[in-house]
Amino acid sequence: MKFNIKPLKAVIAASAALIMGASLAACGPSAASPSDASSSSDTTTSSTAKARTLNEIKKSGVLKVAVFSDKAPFGYIDKDGKNAGYDIVFAERLAKDLGVKVKYTSVDPAARVDVLTSNKVDITLANFTVTDERKEKVDFAKPYMKVSLGVVSPENAEITDVSQLKGKTLIIAKGTTAESYFEKNQPDVKLQKYDQYADAYNALLDGRGDAFSTDNTEVLAWAKSNKGFKVGITKLGDEDTIAPAVQKGNKELLNWINDEIDKLGKENFFHKDYEKTLEPVYGDDVSPDDIVVEGGKVD
Amino acid sequence: MQGAEILLLPGVMPRLLQGLWVTVWIAAVSVIVSVPVGLLVGWLMTLKNPVVRVLMRIYLDFIRIMPQLALLFLAYYGFARWFDWNLDATGACVLVFILWGGAELGDLVRGALQSIPEIQAESAYVLGLTGWQSFVHVILPQALRRLLPASVNLATRIVKTTSLAVLLGVVEVIKVGQQIIDANRFQYPDGTLWIYGVIFFMYFIVCWPLSIVARRLEKRWAND
């Protein structure tokens, strides 16, 4: 075999390859995000890290929303490969009322603040619990859900009180309220942290930890369909609210979302959303008023 | 065999394959662009110019010392915040893998070029070839042979490292797997192992032919 590559040719090939790479990037793989079909090419959009205004969103025709893609029934990918869930129904409605299409970015719990500060998305709608710490980094709109922490554990070694967790290993997902609650208030509990909910559940199933703590809605749904596991603690820590978040200082978009939540409250939108997405999972065990917040009013 | 039925659900395999396509696409674009970048970097590294050498040394060491994950976060979140340069997740991955592949390949190219004995260039000079001619017709062909097996291995490493793209929110094969596992966690709690098993097999199918190519080349040219 003989190689006869002339360096000059190599240089030309190099630049050609670079140009090709760039143009290839423009027509990237169609599965880059589940809803990519609804958006035009967006590689290397050289917009600023400053959030987009309401007008800019309308003009682009696309509302960018960060959602979970592995947290049923709030945000997940259904059998057809489409985004679905309680948060998604709300996102679709926001986009509809704004007269634009929606483009989802799938996020991990820990990435929810960063995608806003670096302007990857306009709104984070990923089961985002309002905390003082997060308020310093992002602006929350009015709440549309409320939640407190729950602890799920194997039935034969059920944890019914936080004091039982002393010296034991608790599984948590990184960047969740459970992480900060246990770090601050329960230093005696050994924490085992995972990036993904799926991994955290597997850890619990494999017995790598004694219990798993995250939002009570989440563990209730999970325990309902996993035999041998029970939510021993259904209410822990403060009752928190869940709200859409926008980049800090993006007042215009924030006010628009707040008006929207007021408006939707009048038509009982979130109760309908609950019936459609959450009721099939929780059944009659949970009253919708324990979870749903209408018009941003928490009683 | 409990839980294996999850693989037969409609849409599961097509979606995993779609995810695999994203993985392969990122890896392929990165590897293809890395080659010219690597050749250029490798050539620059052999130059006597001290400024170029120091710059290349800094570039290589920076890329080597930084974990790929840190580089990915820098490219995705950092660039947007510091330079208002908002790459999408796939773009950030491709950029980082090109810089990484280019640096590693550059070092391989440098090693290969320098491993060719000086006497080869001298003999070429005696035969009346110019410096450029001797580089193209004598040094480079031999260097490429020594270079190829190692660079194929580098390509395999790039394929596997694309799994880090998950952490930027790229929906590639691993993320698709996690989404399927999660959406079916109530009906198929034991599906996890099967999905990850299929993913393992998919990576194997992509990387195995590359390993075979590398081994063949190594054997064929061992005694040249």
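Residues numbered from 1 in each chain as written. Chains lettered and ligands numbered in written order. Predicted model: local features only at pLDDT ≥ 70, side-chain atom pairs only at ≥ 80, totals over all residues.

## Focus: the overall build of chain A
Line of reasoning, step 1. Scanning chain A for helices and strands turns up 10 helices and 13 strands.
Line of reasoning, step 2. When contacts within chain A are restricted to residue pairs at least 6 apart in sequence, those whose partners lie at least 24 apart make up 71%. (Helix = DSSP H or I, 4+ residues; strand = E, 2+ residues; numbered from the N terminus. Contact = placed C-beta atoms within 7 Å.)

## A few points about the overall build of chain B
Line of reasoning, step 1. Broken down by element type, chain B carries 8 helices and 0 strands.
Line of reasoning, step 2. Order of helices (α) and strands (β) in chain B, N terminus to C terminus: α-α-α-α-α-α-α-α.
Line of reasoning, step 3. In summary, chain B has a C-alpha radius of gyration of 22 Å against a globular reference of 17 Å for 224 residues, an excess of more than 25%.
Line of reasoning, step 4. By principal-axis analysis of the C-alpha atoms, chain B measures approximately 75 × 45 × 20 Å.
Line of reasoning, step 5. Across chain B, the fraction of contacts at a sequence separation of at least 24, relative to all contacts at a separation of at least 6, is 78%. (Rg over C-alpha atoms; globule rule 2.2 N^0.38 Å.)

## Details of helix H1 (residues 12–46) of chain B
Line of reasoning, step 1. Along its 35 residues, H1(B) runs 50 Å from first to last C-alpha, staying within 8% of the 51 Å computed at 1.5 Å per residue.
Line of reasoning, step 2. The largest bend along H1(B) reaches roughly 30° and is located at B:Ser34, with the proline B:Pro36 sitting one to four residues downstream. (Expected span 1.5 Å × (residues − 1). Bend = angle between axes of the 7 residues up to and from the residue.)

## Some points on the nonpolar core
Line of reasoning, step 1. In terms of nonpolar packing, the biggest core is built from 146 residues, with A:Val65, B:Ala92, B:Cys93 and B:Val96 touching the most fellow members.
Line of reasoning, step 2. It is helix H4 (residues 89–115) of chain B that provides the largest number of residues to this core, a total of 16 residues.
Line of reasoning, step 3. Among the domains, domain 1 (36–144 + 243–290) and domain 2 (148–239) of chain A are the pair contributing at least three residues each to this core.
Line of reasoning, step 4. Look past the residues within four positions of B:Val96 in its chain and what remains in contact with it is B:Gln68, B:Leu71, B:Leu72 and B:Ala75. (Core = buried A, V, L, I, M, F, W, Y, C linked by C-beta atoms within 7 Å. Buried ≥ 20, exposed ≤ 12 C-beta atoms within 10 Å, placed from the backbone. Domains from an automatic or database assignment.)

## Examining the pairing of strand E9 (residues 169–173) of chain A
Residue and element names in this part refer to chain A.
Line of reasoning, step 1. For E9, the tally of buried residues reaches 4 of 5 residues, placing the bulk of the element in the interior.
Line of reasoning, step 2. For E9 and strand E10 (residues 190–194), the ladder comprises 5 bridges, and the chain directions are parallel. In the sheet register, threonine 169 faces E10, and the bridge partner there is lysine 190.
Line of reasoning, step 3. Read as a crossover between parallel neighbours, the route from E9 over helix H6 (residues 177–185) to E10 is right-handed.
Line of reasoning, step 4. Sheet topology note: the E9/strand E11 (residues 211–215) ladder contains 2 bridges and is parallel. Directly across from leucine 170, in E11, lies its bridge partner alanine 211. (Pairing = 2+ DSSP bridges. Right-handed = clockwise from strand over helix to strand, strands pointing away.)

## Looking at the packing of helix H2 (residues 50–65) of chain B against H4(B)
Residue and element names in this part refer to chain B.
Line of reasoning, step 1. At a minimum axis distance of 9 Å, the contact between H2 and H4 shows a crossing angle of 120°. It follows that H2 is oblique to H4 by the angle criterion. Handedness of the H2/H4 crossing: left-handed. Here H2 contributes Tyr59, Leu60, Ile63 and Arg64 to the contact with H4, which in turn contributes Leu99, Trp100, Ala103, Gly106 and Asp107. (Axes fitted to C-alpha atoms, helices over the stretch in contact; angles between N-to-C directions. Parallel < 35°, antiparallel > 145°, perpendicular 65-115°, else oblique. Left-handed = near helix turned anticlockwise from the far one by under 90°.)

## Concerning the UniProt feature "domain: ABC transmembrane type-1" (unreviewed entry) in chain B
Line of reasoning, step 1. This chain's UniProt record puts "domain: ABC transmembrane type-1" (unreviewed entry) on residues 20–214 of chain B.
Line of reasoning, step 2. Secondary structure content for residues 20–214 of chain B is 83% helix and 0% strand, and the end C-alpha separation is 22 Å. (UniProt positions renumbered as here; feature names shortened; annotations may be inferred.)

## Examining the sheet that holds strand E1 (residues 62–67) of chain A
All names here are of chain A.
Line of reasoning, step 1. With mixed pairing, the 5 strands of this open sheet are ordered in space as E5-E1-E6-E13-E7. Two strands in the sheet have a free side with no partner beyond their single neighbour: strand E5 (101–106) and strand E7 (138–140).
Line of reasoning, step 2. In the sheet, E1 pairs with strand E6 (residues 123–124) via 2 bridges, with the strands oriented parallel. Residue valine 65 lies in a different strand from E6, and its bridge partner there is isoleucine 123.

## Things to note about the UniProt feature "transmembrane region" (unreviewed entry) in chain B
Line of reasoning, step 1. Residues given the UniProt feature "transmembrane region" (unreviewed entry) here are residues 20–46, 58–79 and 193–214 of chain B.
Line of reasoning, step 2. Here residues 20–46 of chain B runs as 100% helix and 0% strand, with 38 Å between its end C-alpha atoms.

## A few points about the sheet that holds strand E4 (residues 83–84) of chain A
All names here are of chain A.
Line of reasoning, step 1. Pairing within the open sheet is antiparallel, and its 3 strands lie in the order E2-E3-E4. Of all strands in the sheet, those bounded by a partner on one side alone are strand E2 (70–71) and E4.
Line of reasoning, step 2. In terms of strand pairing, strand E3 (residues 75–77) meets E4 through 2 bridges, oriented antiparallel. Paired with isoleucine 77 across the bridge in E4 is asparagine 83.

## So, the packing of helix H3 (residues 86–98) of chain A against helix H10 (residues 269–282) of chain A
Geometry of a packed helix pair, given as the angle between the helix axes and the separation of the axes.
Residues and elements named next belong to chain A.
Line of reasoning, step 1. Contact geometry for H3 and H10: axes closest at 9 Å, N-to-C directions at 135°. By the angle class used here, H3 and H10 are oblique. Of the two elements, H3 crosses H10, and the hand of that crossing is right-handed. Seen from H3, the contacting residues are Tyr86, Val89, Phe90 and Arg93; seen from H10, they are Phe269, Asp273, Lys276, Thr277 and Leu278.
Line of reasoning, step 2. A breakdown of the residues in the contact of H3 with H10 according to their chemical character gives 5 nonpolar, 1 polar and 3 charged. (Nonpolar A, V, L, I, M, F, W, Y, C, P; charged D, E, K, R; others polar.)

## Notes on H2(B)
The periodicity of an α-helix, 3.6 residues per turn, causes residues three or four places apart in sequence to face the same way.
Line of reasoning, step 1. Over its 16 residues, H2(B) runs 22 Å from end to end, which matches the ideal 22 Å to within 8%, given 1.5 Å per residue.
Line of reasoning, step 2. Counting buried residues in H2(B) gives 1 out of 16 residues, a small share hidden from the surface.

## Concerning the domain arrangement of chain A
Residues and elements named next belong to chain A.
Line of reasoning, step 1. Entries for chain A in the domain assignment read domain 1 (36–144 + 243–290) and domain 2 (148–239).
Line of reasoning, step 2. Taking only C-alpha atoms, the centre of domain 1 and the centre of domain 2 are 26 Å apart.
Line of reasoning, step 3. Each side of the interface is counted separately: domain 1 has 12 residues, and domain 2 has 12 residues.
Line of reasoning, step 4. Sorting the residues of the side of domain 1 that touches domain 2 by element identifies E2 and H10 as the ones contributing at least two each.
Line of reasoning, step 5. In terms of residue class, the side of domain 1 that touches domain 2 is built from 6 nonpolar, 2 polar and 4 charged.

## Re unusual backbone geometry
Residue and element names in this part refer to chain A.
Line of reasoning, step 1. Even without glycine at this site, asparagine 127 takes up a positive phi of about 50°.
Line of reasoning, step 2. On the secondary structure map, asparagine 127 appears in the loop between E6 and helix H5 (132–135).
Line of reasoning, step 3. Residue asparagine 127 is classed as buried on the basis of its C-beta count, with 23 C-beta atoms lying within 10 Å.
Line of reasoning, step 4. With phi around 55°, asparagine 268 is a residue other than glycine that occupies positive phi space.

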